[in-house]
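# Coordinate inspection notes
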Amino acid sequence: MTEDSFQRTDDRFRNLSSVRPTPDFDSPFDRAGTGSSKWARADAPGAPGVIPMGLADMDLPGPPAIADALRQRARHRAYGYTVCDPAGRSLVADWYRARHGVEVDPDWVLLLPCGPRTALRILLETVRPEPGRPEPARPAPGRPEAARPEPARPQAPVLFPAPEWGGFAQLCRAARLDYRELPLPIGPDGYRLPDGPLPGPASAVLLSSPHNPSARVWPADGLRTLAARAAEAGALLVSDEVHGDLTHPGHVHPVAVTTADPAHRHLVVTLNSVGKTFNCSGIPSSFALVPDPGLRARFADALAGYGLWEGGLLEQTVQQAALREGGPWLDALLVHLATARTRLTALLGPAVRSAPQASYLLWLDAAALGLPPQDARRALLERCGLEASDGAEFGPGGRGSLRLNYALPGSVLTTVLERLERLDLP
Ligand SMILES: Cc1ncc(COP(=O)(O)O)c(C=O)c1O
């Protein structure tokens, strides 16, 4: 039997209902009337025709499997409280094996009915000083030093490399946690992870991996070193990998919990979500890989304090459909994104601060585009009708930069390229 006839024989056994048409990522995708916050933000009165390239979601149709699963589930009018289907954990483990070639223990997985931002905020509570710990003691007049109760150590700061997507600083402020931004070194090819010892005590290290805003895929050895540095300081490393499944062909995303030395794994958490990968962040969901059972239990307790339990109805419906059937859609998406990236980087050249390797984000040097660094977002809007994110939102290291989201239909991207020609390109 030739390989070709084997292929055809095998085809007879395929379930034809699961054959999907090739996704159309070239034709315009009309989001009018869907309440899109990305479009609402860009649709400023008096600025018709603006193309929103700020907020991080895609102007591309999501996987049909998610639509089918929601339709199917909605048909049964049982919408009461739901429990967690343990099959969901195995689906996550299967996903990591198939997409990343790594073994994730299904027991590590927490399936969460909230978005990654909420999950991260609540996870940060688990690194706070334990409630009931004594306040720092004041010496009682005349009492010997040794008789004082041991003073509680003040909470060590949360550290994260910056520029970063803005969420880490926002969440730390909301949680009233002290934080410190570590400037990311930049070389000719883009950002590098800091590899020296941490600059002081830390309760947690947060990392966006791949990096938002620059779309850099961190190398595995750099990540391993960072996990070791965090462990030396007794700090938790939280790797926010919501862009990890959007790694472009030719690059390999290191999953933190399986990349860290096994001796440090108990202090590492990977956070991910089908929301970014499959463009369904309007239905909040996420999952966390937490190898340490004690931390997992504390995290689950903290979530329960907010009325969040594993196994939400919509979250499970969407997550399972995406992980079970979304692979081919994602493969097609990645080809589309990599093509769009090449078209843009060819035009923008050295204005691109760090070579993008994942996701749909471009991190640009405003001055190299001939835009005033302090007011680049407005200038781009006025000159090109393109709405970008202002680099200042990404921390002090982001001033003078712009972040462009190019997850657009091919036809719209052509318009974007034409409009960018109006700038003084390098
Ligand atoms: C790296 C990263 N982490 C977390 C989030 C937060 O996602 P959500 O707002 O859906 O919780 C985002 C959103 O853009 C992100 O880019």
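Just so it is clear, the structure is predicted and the values come from calculations on it, not from any experiment. (Residues numbered from 1 in each chain as written. Predicted model: local features only at pLDDT ≥ 70, side-chain atom pairs only at ≥ 80, totals over all residues. Heavy atoms only, no water.)

Below, the discussion takes up the overall build of the protein. When helices and strands are tallied, the protein shows 14 helices and 14 strands. Burial status across the protein gives 50% buried among its 426 residues. Counting only contacts in the protein whose residues sit at least 6 apart along the sequence, the fraction spanning at least 24 positions is 75%. (Helix = DSSP H or I, 4+ residues; strand = E, 2+ residues; numbered from the N terminus. Buried < 20%, exposed > 50% of the residue type's maximum accessible area, 1.4 Å probe, protein only. Contact = heavy atoms within 4.5 Å.)

Next up on the list: the packing of aromatic side chains. Following the criterion strictly, the structure yields eight aromatic pairs and no others. Ring pairing ties together the aromatic residues F25, W95, F278 and W329, which thus form one cluster. (Phe/Tyr/Trp six-rings, centres within 6.5 Å; stacked < 30°, edge-to-face > 60°.)

Here we take up the confidence of the model for the protein. Summing up the model confidence of the protein, the mean pLDDT is 90 and the portion of residues at 70 or higher is 88%. Low pLDDT (under 50) marks residues 143–153, which in the prediction has 10 contacts with non-local residues, meaning those over four places away or in another chain. (pLDDT = per-residue confidence, 0-100.)

Okay, helix 10 (residues 293–304) next. End to end, helix 10 covers 16 Å across 12 residues, agreeing with the expected 16 Å (1.5 Å per residue, within 8%). For helix 10, the set of buried residues is L295, R296, F299, A302 and L303. Down the axis, helix 10 shows its buried residues gathered within 130 degrees of arc, on one side only. Turned more than 90 degrees off the buried face of helix 10, the exposed positions are P293 and D301. Packed against the buried residues of helix 10 are strand 2 (109–112), helix 5 (116–125), strand 8 (236–240), strand 9 (268–272) and strand 10 (286–289). (Expected span 1.5 Å × (residues − 1). Arc of directions from axis to C-beta.)

With that settled, the discussion passes to the pattern of salt bridges. Enumeration according to the criterion identifies 18 salt bridges in this entry. Close ionic contact of D331 with R99 constitutes a salt bridge, the shortest N to O distance being 2.9 Å. Placement of D331 in helix 12 (residues 327–348) and of R99 in helix 4 (residues 87–100) is noted, with a sequence separation of 232 residues between them. By relative accessible area, R99 is classed as partly exposed at 28%. Residue R383 is joined to D424 by a salt bridge in which the shortest nitrogen-to-oxygen separation is 3.8 Å. With R383 in helix 13 (residues 376–384) and D424 in the segment after helix 14 (410–420), this pair connects stretches of sequence that are 41 residues apart. For R383, a relative accessible area of 33% puts it in the partly exposed group. In the salt-bridge network here, residues are joined through shared partners; they are R31, K38, D57 and D59. (Salt bridge = Lys/Arg side-chain N within 4 Å of Asp/Glu carboxyl O.)

The next thing to look at is the site of the ligand. In the vicinity of the ligand, the residues found are A56, G115, P116, R117, W165, N212, D240, V242, H243 and K276. With respect to the ligand, the side chain of H243 contributes an N or O atom lying 2.9 Å from an oxygen atom. In the complex, 85% of the free accessible area of the ligand, which totals 400 Å², lies under the protein chains. Residues belonging to the shell around the ligand are distributed by class as follows: four nonpolar, three polar and three charged. (Near = heavy atom within 4 Å. Polar contact = N/O pair within 3.5 Å; in protein donor to acceptor, adjacent residues only side chain to side chain. Areas by Shrake-Rupley, 256 points an atom, 1.4 Å probe, with all protein chains shown as cover. Nonpolar A, V, L, I, M, F, W, Y, C, P; charged D, E, K, R; others polar.)

So, on to the sheet that holds strand 14 (residues 401–405). What the three strands build is an open sheet, ordered 11-14-13; its pairing is antiparallel. Every interior strand has two partners, whereas the edge strands, strand 11 (361–365) and strand 13 (389–390), have only one. As paired strands, strand 13 and strand 14 are joined by two bridges and run antiparallel to one another. Bridge pairing in strand 14 links D390 to L402. Strands strand 13 and strand 14 of the sheet are contacted by helix 13, whose axis makes an angle of about 50 degrees with strand 14. (Pairing = 2+ DSSP bridges. Axes fitted to C-alpha atoms, helices over the stretch in contact; angles between N-to-C directions.)

By secondary structure assignment, the location of D59 is in the loop between strand 1 (51–52) and helix 3 (64–75). The exposure class assigned to D59 is buried, which follows from its relative accessible area of 4%. In terms of polar contacts, D59 uses its side chain to reach the side chain of R31, at 2.7 Å. A polar side-chain atom of D59 sits 3.5 Å from a polar atom in the side chain of K38.

Right, let's talk about the sheet that holds strand 8 for a bit. In spatial order, the strands read 2-10-9-8-7-3-4; together these seven strands make up an open sheet with mixed pairing. Each edge of the sheet is formed by a strand with only one pairing partner; in this case those strands are strand 2 and strand 4 (179–183). Within the sheet, the average angular offset between the axes of one strand and its neighbour, ignoring direction, is 20 degrees. Sheet topology places strand 9 next to strand 10; three bridges connect them, and they run antiparallel. For L271, the partnering residue across the bridge sits in strand 10 and is A288. Packing against the sheet, helix 4 makes contact with strand 2, strand 9 and strand 10, and its axis sits at approximately 115 degrees to strand 2.

Moving on, we come to the pairing of strand 4. Taken together, the five bridges between strand 3 (residues 158–162) and strand 4 define a ladder with parallel strand orientation. Looking at strand 4, one finds that P161 is bridged to L182. Once you follow strand 3 into helix 6 (residues 167–174) and on to strand 4, the crossover reads as right-handed. (Right-handed = clockwise from strand over helix to strand, strands pointing away.)

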